[in-house]
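Below are the chains, spelled out letter by letter.
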Amino acid sequence: MRDFEYEAPTTLSTAIELLAQQDGSAKPLAGGTDLIDHVRTGRLEPDLLIDVKKINELNVLELNGDGLRLGAAVPCYKIYGTPEISQQYAALTDSCRIIGGIQIQSRASVGGNLCNSGPAADSIPSLIVLGGVCVIAGPNGTREVAAEDFCTAPGKNVLEAGELLVEIKFPARAANSGSHYRRFIPRNEMDIAVVSVGASVELDENQQNFGSARIALGAVAATPLFAQAASDALAGQPVNAESIANAAAAAKEIATPITDMRGTAEYRTHLIGVLIERVINAAVSQARGEAICYKPGH
Amino acid sequence: MATAEKPQYKVIGTRPVRHDGVDKVTGRAQYGADTQLTGMLFGATLRSPHAHANIKSIDTSRAEALAGVRAVLTNADLPEQGDRIVELGEGAVNMRHLNANVLAKEKVLYKGHAIAAVAADTIHIAEEACQLIEVDFEVLEPVLDVVKAMADDAPVLNDDIRTESLGSHPASDDASKNTNVAKHFVFEKGDIVKGFEEADIVVEREFDTATVHQGYIEPHASTAHWNADGKITVWTCTQGTFSVRHQTAELCGVPISDVKVIPTEIGGGFGGKISVYLPPVAAGLSKKTGQPVKLVMDRAAVFEATGPTPGSHMKVKIGATKDGKITSGEAWIAFEAGAYTGSPIAPGCMCVFSCYDVPNAKVDGFDVCVNKPRTNAYRAPGSTQVCFATETIVDEICKELDIEPAEFRLNNAAQEGVRRVDGPVYGKVGMIETVQAIRDSDHYQTPLTGKFQGRGIATGFWFNCGLKSAATATVNPDGTVSLVEGSTDIGGSRAGLAMQLAECLGITAEEVKPAVVDTDSVGYTDVTGGSRVTFATGIAAINAGKDIQQQMCDRAAMIWDCDETDVRYEDGCIIGSGDNRFTFKELAAKINATGGPIAGRGTASEEAQAGAFGTHCADVEVDADTGKVQILRYTVAQDVGTAIHPSYVEGQLQGGAVQGIGWALNEEYWYGEEGSMRNASFLDYRIPTIYDVPMIETILVEVPDPGHPYGVRGVGEVPICPPPAAIANAIYDAVGVRMRDLPMAPHKVCAEILKK
């Protein structure tokens, strides 16, 4: 491990300044659960770590009639520890509950998970289906990017040198809506998704038809994917196996999975169908106020 | 459950708190990486990025020039070994190979192969210096698969390997050709042609198993100091201090008496902490610097560069009559030795038909080098692989013949008087009792009701070994006894040994204080392996206890001024004629005033144990959409001889079963084309977590081994053998697919289900 400097600014502007000065050799440190490991193993060799946990803007966790604001440094346990968030943004808390173990969840942030931009990152499909918008601050001011447009390649994203993710904003949830996220892993815990699926559905007032839906896939392409056609395929359709199968077929079309130690490309494509069925059904149950019983990792 | 009237023991069979328990639960116990010495330097190792390459040159000058670097070591600094075979604890070792495995010589043979090591003031400087060492490689094509490595046109790893034929007459192999096939074993019994002719059903199948690691949580760590007087001290976590002493002395070119090995606590070994990797390197760096040097592996190095168990390819054929009697067996077994020869192919060949009375059998076994780390012992080495093959075929035969699998096993069981294919005839063994225990268990008697649920059983065997141990025990004036022994404690052996000594002396387990000491402080003791410690070191401890008994009786005779033959030792008391009687404690208080200390000594040199059998029952539920297998219920019944400390016996059965479940479902070395392991971390090398296994139920079947005073039978290894087969059989019962390729990962099970 190479020596590095450490700063813990208390204002957003100082953090941006430090980031910009370092010209890409500085790394923001939130929970550090990935970053510290990467630095120790030499995969990253930053000159400066900027601890962002002392900046107010990155610690916002606010739920009101306008929606949810989630500061980029808020650790997972705080998110799933808020019952109203678990109720309204279930997919997000489904993700937060399976990122690492308890110790990791007490440090790791959703913002960090997003900025690491792993294809199998457990929070990103949920951010996408819940309509998350990433608020980015930089030397030239603030800009917003939709969650599905944030990642550009494995480990790469839209952040320019000197830019920092400040928060993720979510719109308020509609009536009769539900969401769910799950991943398939060979073990039951402590694993990386072979395939993951997030879905958010809004049902009509009889709760018999899909009003609209958003589906996202993880671990089947270079970045987490928003499955536009699959989502559209559900809109206006009755809640039944055929509608869901059509959506699954459309989702498989956009996947470009690889074969690696976690599964073959063929198997991953197969799992997209299995998981979409399970996830949509769970999201529908949530929308209808029914209990969801599921085994994590299945 | 006891199968025979059991002697009335006072200590044996109870569950005292272990003597090392408080230190371990409070974090005070000192493990390998905890060693801290004044003036200690930190070492780091440069490892090969290639699976197979010639080393054309190594330039260490830039590393040596870095501030804070104190020494750099390469193979050129180690003494030449020549072509020598040395007996080193668990088997004979080719010293030329061991030397090149510690630090590569002309070639690197696997990714992660150590090439050079640096000692520096801090670990960070040492790691940075490693990056400054320039190695000029000529990259060669790797071979990673045992069958491909046996092909005539395969890249050959070692220029000194010719096939050694053992057991075939005339030799079936070309002894002049340089090859990857280091050994070819043949075992034969009866007439297999006739045997298969007598069969009504013959099932022949091929099987593959993956390279799997012991997965001990504590990485290898060693600290060494080469003193100015030429004496070397090594602090390390090992299964065998005397083996480390011998290996280090041989590799450093010094007499064994110049090496002292001090054992730290050990966080798991399972066979993988016998061979040395770090001690000679730390010693070499210390020789150059005059300061102690500590080397600690990271997790990736543990996976890539220590000794996993071989991947295998096997073809097994079994014939049986329609009423379920085995007539013949044939097996062709190839094990991946890794970079250098030495896979457990011999025990694999001996175990393949070991659970049954097979009248006619032939076994061919091959030890084959591939570009993977040199394999090493792993809990019942070689037996789990072959158990998977045999027990799956047995299940298939049972299903074909519609014979209940427990009954089939009882009909054909190995028992006293049955001769194994490799020659030995069984003594008193308890296979039948373990099958009966499963058959009669609540688990087996409770029907499964759910969809895609299934049940399978399998039986496994392991020899267990005896070997040599030494112990001394001294009587303290307060009536306690200090037990000094040399078996490093990987499974609660301090408690098990103290209890045997306590039983012998008629005192409590708490009144014995066991200590595992360094190589200068106790007599020669073989490795903690082969399920031998509770058995053989137990005999040494009992012999030390008997020696104390004798000396206590002699002392009492002196005090009472009577003939020694009039004094006897009984139930913790020394009893003479009339009212003459001392409790152990009373006499202990007098010994220093009546002739001085009493120290008992005991040794053991045991040829063998009778062998252990276990039968397992697994219930699974298969997710038919994903192929993922969930274990619902799992029971181990095992012949444990006499359970000294039942909690630790149960722990061994549970731990072995969980490791076997890991082999069954998810564990494997996953290699990229170019020969690098892609999953060298506990995230991607998936040992089972607490979420993946149910509480393992245990049934202790006690068939005492007559070779031990209390009937001890080694228990540690056999429980790893049956799980893959039991689970494969359960998967078949659940969804009707036969899995013959380990691990039975979800994608493979799913592919088989989709084929149907």
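Conventions adopted
Residues numbered from 1 in each chain as written. Chains lettered and ligands numbered in written order. Predicted model: local features only at pLDDT ≥ 70, side-chain atom pairs only at ≥ 80, totals over all residues. Heavy atoms only, no water. Patch = residues over 30% accessible without salt bridge, like charges linked within 9 Å, V, L, I, M, F, W, Y side chains within 5 Å. Areas by Shrake-Rupley, 256 points an atom, 1.4 Å probe, with all protein chains shown as cover. Salt bridge = Lys/Arg side-chain N within 4 Å of Asp/Glu carboxyl O. Lys, Arg positive; Asp, Glu negative; His and termini not counted. Charge placed at Lys NZ, Arg CZ, Asp CG, Glu CD. Helix = DSSP H or I, 4+ residues; strand = E, 2+ residues; numbered from the N terminus. Contact = heavy atoms within 4.5 Å. Buried area = accessible area lost by both parts, 1.4 Å probe. Polar contact = N/O pair within 3.5 Å; in protein donor to acceptor, adjacent residues only side chain to side chain. Nonpolar A, V, L, I, M, F, W, Y, C, P; charged D, E, K, R; others polar. Pairing = 2+ DSSP bridges. Axes fitted to C-alpha atoms, helices over the stretch in contact; angles between N-to-C directions. Buried < 20%, exposed > 50% of the residue type's maximum accessible area, 1.4 Å probe, protein only. Phe/Tyr/Trp six-rings, centres within 6.5 Å; stacked < 30°, edge-to-face > 60°. Lys NZ or Arg CZ within 6 Å of the ring centre and 35° of its normal. Parallel < 35°, antiparallel > 145°, perpendicular 65-115°, else oblique. Left-handed = near helix turned anticlockwise from the far one by under 90°. Core = buried A, V, L, I, M, F, W, Y, C linked by side-chain atoms within 4.5 Å. 1 Å grid on protein atoms, 1.4 Å probe; cavity = no way out; pocket = protein on both sides within 12 Å on 5 of 7 lines; lining within 4 Å. Points joined across faces, edges and corners; volume = space filled by probe spheres on them. Domains from an automatic or database assignment.

What follows covers a negative patch on the surface. Among the surface-exposed residues, A:Asp3, A:Glu5, A:Glu7 and B:Glu128 lie close enough to one another that they form a single negatively charged patch. As for its placement among the helices and strands, A:Glu7 is situated in strand E1 (residues 5-7).

What follows is about the interface of chain B and chain A. With 25 residues of chain B in contact, the opposing surface of chain A contributes 22 residues. Across the interface of chain B and chain A, roughly 2300 Å² is buried in total on both sides, 55% from carbon and sulfur atoms. In this structure, B:Asp625 engages A:Arg278 in a salt bridge whose closest nitrogen and oxygen atoms are separated by 3.1 Å. For the pair chain B and chain A, the interface holds 16 residue pairs in polar contact (both at pLDDT 80 or more). Top element by residues in the side of chain B that touches chain A is helix H20 (residues 746-755) of chain B. It accounts for 4 residues. Considering only residue class, the side of chain B that touches chain A consists of 9 nonpolar, 7 polar and 9 charged.

With that out of the way, let us pick up the sheet that holds strand E25 (residues 581-583) of chain B. Residue and element names in this part refer to chain B. The 3 strands lie next to each other as E23-E24-E25, forming an open sheet whose pairing is antiparallel. A single partner strand is all that each edge strand has here, and the edge strands are strand E23 (568-570) and E25. The average undirected angle you get between the axes of adjacent strands in this sheet is 20°. As defined by bridge partners, E23 adjoins strand E24 (residues 573-575) across 3 bridges and the pair is classed as antiparallel. Pairing of Glu-570 across the sheet is with Cys-573, part of E24. Each of E23, E24 and E25 touches helix H16 (residues 533-560); the most contacted strand, E24, lies at about 45° to it.

This part is about the pattern of salt bridges. When charged atoms on two side chains of opposite charge get close, those side chains can pair. Residue and element names in this part refer to chain B. All told, the structure shown has 55 salt bridges over all chains when counted by the stated rule. Of the charged contacts in the structure, one is a salt bridge between Glu-198 and Lys-194, with a shortest N-O distance of 3.6 Å. What makes Glu-198 partly exposed here is its relative accessible area of 41%. Residue classification places Lys-194 among the partly exposed positions, given a relative accessible area of 41%. In this structure, Glu-396 and Arg-205 form a salt bridge, with 2.5 Å as the shortest nitrogen-oxygen distance. Placement of the pair is Glu-396 in helix H11 (residues 383-401) and Arg-205 in strand E11 (residues 201-209), with a sequence separation of 191 residues. Judged by relative accessible area, Glu-396 falls into the buried class, the value being 10%. Here the salt bridges do not stand alone but share partners, grouping Arg-18, Asp-20, Lys-24, Glu-265, Asp-489 and Arg-494 into one network.

Attention now moves to the packing of aromatic side chains. Residues and elements named next belong to chain B. One pass over the structure, following the stated rule, counts 19 aromatic pairs over all chains. Arranged with centres 5.2 Å apart and planes meeting at 80°, the rings of Phe-461 and Phe-463 form a pair that is edge-to-face. Both residues of the pair, Phe-461 and Phe-463, belong to the buried class. Over the ring of Tyr-648 we find Arg-18, and its NZ or CZ is 5.0 Å from the ring centre. Arg-738 extends its terminal NZ or CZ atom over the ring of Tyr-732, reaching a point 3.8 Å from the ring centre.

Looking now at the packing of helix H7 (residues 241-252) of chain B against helix H8 (residues 279-289) of chain B. Residue and element names in this part refer to chain B. Where H7 meets H8, the closest approach of the two axes is 9 Å, and the angle between their N-to-C directions is 50°. Classified by the interaxial angle, the pair formed by H7 and H8 is oblique. In this structure, H7 crosses over H8, and the sense of that crossing is right-handed. For the pair formed by H7 and H8, the contact residues are Val-244, Thr-248, Leu-251 and Cys-252 on the first element and Pro-279, Pro-280 and Ala-283 on the second. The residue makeup of the contact of H7 with H8, split by class, is 6 nonpolar, 1 polar and no charged.

All names here are of chain A. Inspection of the secondary structure assignment puts Gly-111 in helix H7 (residues 110-116). In this structure the C-alpha to C-alpha distance between Gly-111 and His-270, which are 159 residues apart in sequence, comes to 30 Å. Dropping the residues within four chain positions of it, Gly-111 is found in contact with Ala-72 and Leu-165.

So, about the nonpolar core. Counting 108 residues, the largest nonpolar core has B:Ile333, B:Tyr634, B:Ile727 and B:Ile731 as its most contacted members. Broken down by element, this core gets its largest block of residues, 9 residues, from H11(B). Counting 50 residues, the second largest nonpolar core, distinct from the first, contains A:Ile98, A:Ile124, A:Cys134 and A:Phe150.

Right, let's get into empty space enclosed by the protein. Inspection of every chain in the model, using the stated rule, returns 7 cavities of 30 Å³ or more. Space inside the largest cavity adds up to approximately 160 Å³. If you go around the largest cavity, you meet 19 residues; those closest to its centre are A:Pro186, B:Val629, B:Leu665, B:Asn666 and B:Asp692. Looking at the lining of the largest cavity, the elements that each hand over two or more residues are strand E28 (629-639) and helix H18 (646-665) of chain B. Across the lining of the largest cavity, the residue classes break down as 11 nonpolar, 4 polar and 4 charged.

This part takes up the sheet that holds strand E12 (residues 221-226) of chain B. Residue and element names in this part refer to chain B. Taken in spatial order, the 7 strands line up as E3-E7-E1-E15-E12-E13-E14 in an open sheet, and their pairing is mixed. Taken across any chain shown, the strands that pair with only one partner, and hence form the sheet edges, are strand E3 (69-74) and strand E14 (259-263). Between one strand axis and the next, the sheet turns through 25° on average, direction left out of account. Where strand E1 (residues 41-47) and strand E15 (residues 293-296) come together, 3 bridges link them in parallel fashion. Bridging from a neighbouring strand, Gly-43 pairs with Leu-295 of E15.

All names here are of chain A. Segmentation of chain A into domains returns domain 1 (5-51), domain 2 (56-171) and domain 3 (177-287). Just the C-alpha atoms count here: the centres of domain 1 and domain 2 sit 18 Å apart. Facing 11 residues of domain 1, the contacting portion of domain 2 comprises 16 residues. Between domain 1 and domain 2 the total buried area reaches about 1100 Å² when both faces are included, carbon and sulfur atoms providing 70% of it. Of all residues in domain 1, Leu-12, Ile-16 and Thr-33 bury the most surface against domain 2, accounting for 44% of the area lost on that side. At the boundary of domain 1 with domain 2, the tally comes to 1 residue pair in polar contact (both at pLDDT 80 or more). With 5 residues, helix H1 (residues 12-22) is the single largest residue contributor to the side of domain 1 that touches domain 2. Across the side of domain 1 that touches domain 2, the residue classes tally to 7 nonpolar, 3 polar and 1 charged.

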